[in-house]
Amino acid sequence: MPENSSCFLNQSNTDEQDGWASSYFVPAYDSSLIVLCVAIICVNTLVLVLYSKRRQLRTKTNTLLASLATSDLLMGLCGVPLFIACNAFLDGDVCIAQGVVFRFIAISTMFHIFAITGERYICVSHPMQYINIVTGKRILRVIACIWAISLFVALIQLSWVLPFGYFSDNEIKFTASLAYNWVGLAVCFAIPFLAMVAFYTRMFITIHRQVQKIRRQSVNLDFATSSSNVRSSYRQLRALITFTLMLGIFAGSWITWFFSILQIYTKVQLFPEVSMVIFDFLRFGVSVINPLLYTFLKNDFRKALVSFLKCRRTNLQDLISQGTGTTSQWKQRHSSLELNRIKH
């Protein structure tokens, strides 16, 4: 069964084979997806360049964010192009690859946000033990586990999709796919989401209590120390708001994808057909919104971006000035040669 939510777009094509139209390619719609695809690639590449070029960005949290940016980059490099190709050609192998990539990115994004939430929760709730619990090696192990689990869950569906084909309505495939999607919705989406809601609620309460405690103790502390403690708490609060927004946008965008698949198997119309186009753009847009959120709302990334752009501007001005200087030297040399030629 299909996992494309936009397949209704061109059902006016009457050239159908086995109940499927010959193509669902719509130039205006798919051209917009291409523009979005380019934006995904550019923004996530910028994040990875900043992370690699700026040593101060290589923190534990940002290492997880860089891994998330790599996952989001796959949406631009593979996910959207395969989605367009599947709609255009309705080739079973292409559509299978698209389904695998979408599943991988959905699970990877959720588990990355879950890992970031866990790291922040330990930092806020157990600050004294944070250094011992959250180490660089453990962060790398967590990232490796996220990629391995996401790949495994995304690929396991091939064991019943490949034998019967993407467009087959075989009963065994139908039953296996239905169970797979229900379990995936529960284990890879609902449970982590509810756990993160609990974690963020606890963290917001903890930070609020810290700020209130600092303000009560400010009478006995000098102004500089009190202000520094309050600023530190507000920085943590701002980071939490950023990650909460990431979680909310991801959940709101991808839950529709899970339900759009389930409505195919259950034959229950959960959403109007036209709304599926909007859901497609929202789902793909998450891969742009995520890096924009932590690039512009996260203080260290924002400073690194400004510094990076200033360096590029300075380098460009130097190149222009060098080019201008070389041109001037060439003109002077040419003038001297002309004068010598006239004299002789």
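Residues numbered from 1 in each chain as written. Predicted model: local features only at pLDDT ≥ 70, side-chain atom pairs only at ≥ 80, totals over all residues. Heavy atoms only, no water.

**Remarks on the nonpolar core**
Part 1 of the argument: Counting residues in hydrophobic clusters, the biggest one holds 78 residues, and the most contacted among them are Met75, Val80, Met246, Trp254, Phe284 and Tyr294.
Part 2 of the argument: Per-element tally for this core: the top contributor is helix 3 (residues 92–125), with 18 residues.
Part 3 of the argument: If we skip the residues at most four places from it in the chain, Trp254 touches Met75, Phe102, Ile105, Ala106, Arg283 and Val286. (Core = buried A, V, L, I, M, F, W, Y, C linked by side-chain atoms within 4.5 Å. Buried < 20%, exposed > 50% of the residue type's maximum accessible area, 1.4 Å probe, protein only. Helix = DSSP H or I, 4+ residues; strand = E, 2+ residues; numbered from the N terminus. Contact = heavy atoms within 4.5 Å.)

**Notes on the side chain of Asn290**
Part 1 of the argument: By secondary structure assignment, the location of Asn290 is in helix 9 (residues 273–296).
Part 2 of the argument: For Asn290, a relative accessible area of 0% puts it in the buried group.
Part 3 of the argument: In contact with Asn290, not counting residues within four places along its chain, are Leu68, Asp72, Thr109 and Met246.

**Some thoughts on the state of the cysteines**
Part 1 of the argument: Under the defined criterion, the tally for this structure stands at one disulfide.
Part 2 of the argument: Bridging Cys86 to Cys95, the disulfide has an S-S length of 1.9 Å. On the S-S bond that ties Cys86 to Cys95, the torsion sits near 100 degrees, and the link is right-handed.
Part 3 of the argument: For Cys95, a relative accessible area of 0% translates into the label buried. (Disulfide = S-S within 2.5 Å.)

**Let's talk about the layout of surface pockets**
Part 1 of the argument: Estimated volume of the second largest pocket: approximately 430 Å³.
Part 2 of the argument: Secondary structure elements with two or more residues in the lining of the second largest pocket: helix 3, helix 8 (223–266) and helix 10 (299–343).
Part 3 of the argument: In terms of residue count, helix 8 provides more of the lining of the second largest pocket than any other element does, five residues in total.
Part 4 of the argument: Class assignment of the residues belonging to the lining of the second largest pocket gives a composition of three nonpolar, six polar and six charged. (1 Å grid on protein atoms, 1.4 Å probe; cavity = no way out; pocket = protein on both sides within 12 Å on 5 of 7 lines; lining within 4 Å. Points joined across faces, edges and corners; volume = space filled by probe spheres on them. Nonpolar A, V, L, I, M, F, W, Y, C, P; charged D, E, K, R; others polar.)

**As for a nonpolar patch on the surface**
Part 1 of the argument: A cluster of nonpolar side chains, Val183, Val187 and Ile191, forms an exposed patch at the surface whose accessible area comes to about 270 Å².
Part 2 of the argument: Relative to the assigned elements, Val183 resides in helix 7 (residues 171–217). (Patch = residues over 30% accessible without salt bridge, like charges linked within 9 Å, V, L, I, M, F, W, Y side chains within 5 Å. Areas by Shrake-Rupley, 256 points an atom, 1.4 Å probe, with all protein chains shown as cover. Salt bridge = Lys/Arg side-chain N within 4 Å of Asp/Glu carboxyl O.)

**Some details on unusual backbone geometry**
Part 1 of the argument: For Leu90, which is not a glycine, the phi torsion comes out positive at approximately 50 degrees.
Part 2 of the argument: Looking at where Leu90 falls in the secondary structure, it is placed in the loop between helix 2 (60–89) and helix 3.
Part 3 of the argument: Here Leu90 falls in the buried class, since its relative accessible area comes to 14%.

**Some points on the side chain of Ser287**
Part 1 of the argument: For Ser287, the location among the structural elements is in helix 9.
Part 2 of the argument: With a relative accessible area of 2%, Ser287 lands in the buried category.
Part 3 of the argument: Within the structure, the side chain of Ser287 is placed 3.5 Å from the side chain of Asp72, a separation counted as a polar contact.
Part 4 of the argument: Excluding anything up to four places from it in sequence, Ser287 contacts Ile40, Asn44, Asp72 and Met75. (Polar contact = N/O pair within 3.5 Å; in protein donor to acceptor, adjacent residues only side chain to side chain.)

**A look at the confidence of the model for the protein**
Part 1 of the argument: When the pLDDT values of the protein are averaged, the result is 81; 79% of them are 70 or greater.
Part 2 of the argument: Across the protein, element-level confidence peaks in helix 5 (residues 136–156) with a mean pLDDT of 96 and bottoms out in strand 1 (residues 16–17) with 40. (pLDDT = per-residue confidence, 0-100.)

**Re the packing of aromatic side chains**
Part 1 of the argument: Within the structure shown, the criterion is met by 16 aromatic pairs.
Part 2 of the argument: For the ring pair Phe189 and Phe258, a centre distance of 5.5 Å and an interplane angle of 55 degrees mean the geometry is tilted. Here Phe189, found in helix 7, pairs with Phe258, found in helix 8; they are 69 residues apart in sequence, far enough to count as distant. We note that Phe189, like Phe258, is buried.
Part 3 of the argument: On the numbers, 5.3 Å between centres and 65 degrees between planes, the contact of Trp257 with Phe258 is edge-to-face. (Phe/Tyr/Trp six-rings, centres within 6.5 Å; stacked < 30°, edge-to-face > 60°.)

**Points about helix 3**
Part 1 of the argument: Over its 34 residues, helix 3 runs 49 Å from end to end, which matches the ideal 50 Å to within 8%, given 1.5 Å per residue.
Part 2 of the argument: In terms of residue burial, helix 3 counts as a mostly covered element, since 27 of its 34 residues are buried.
Part 3 of the argument: Its side-chain oxygen 3.1 Å from the backbone nitrogen of Asp93, Asp91 forms the N-cap of helix 3. (Expected span 1.5 Å × (residues − 1).)

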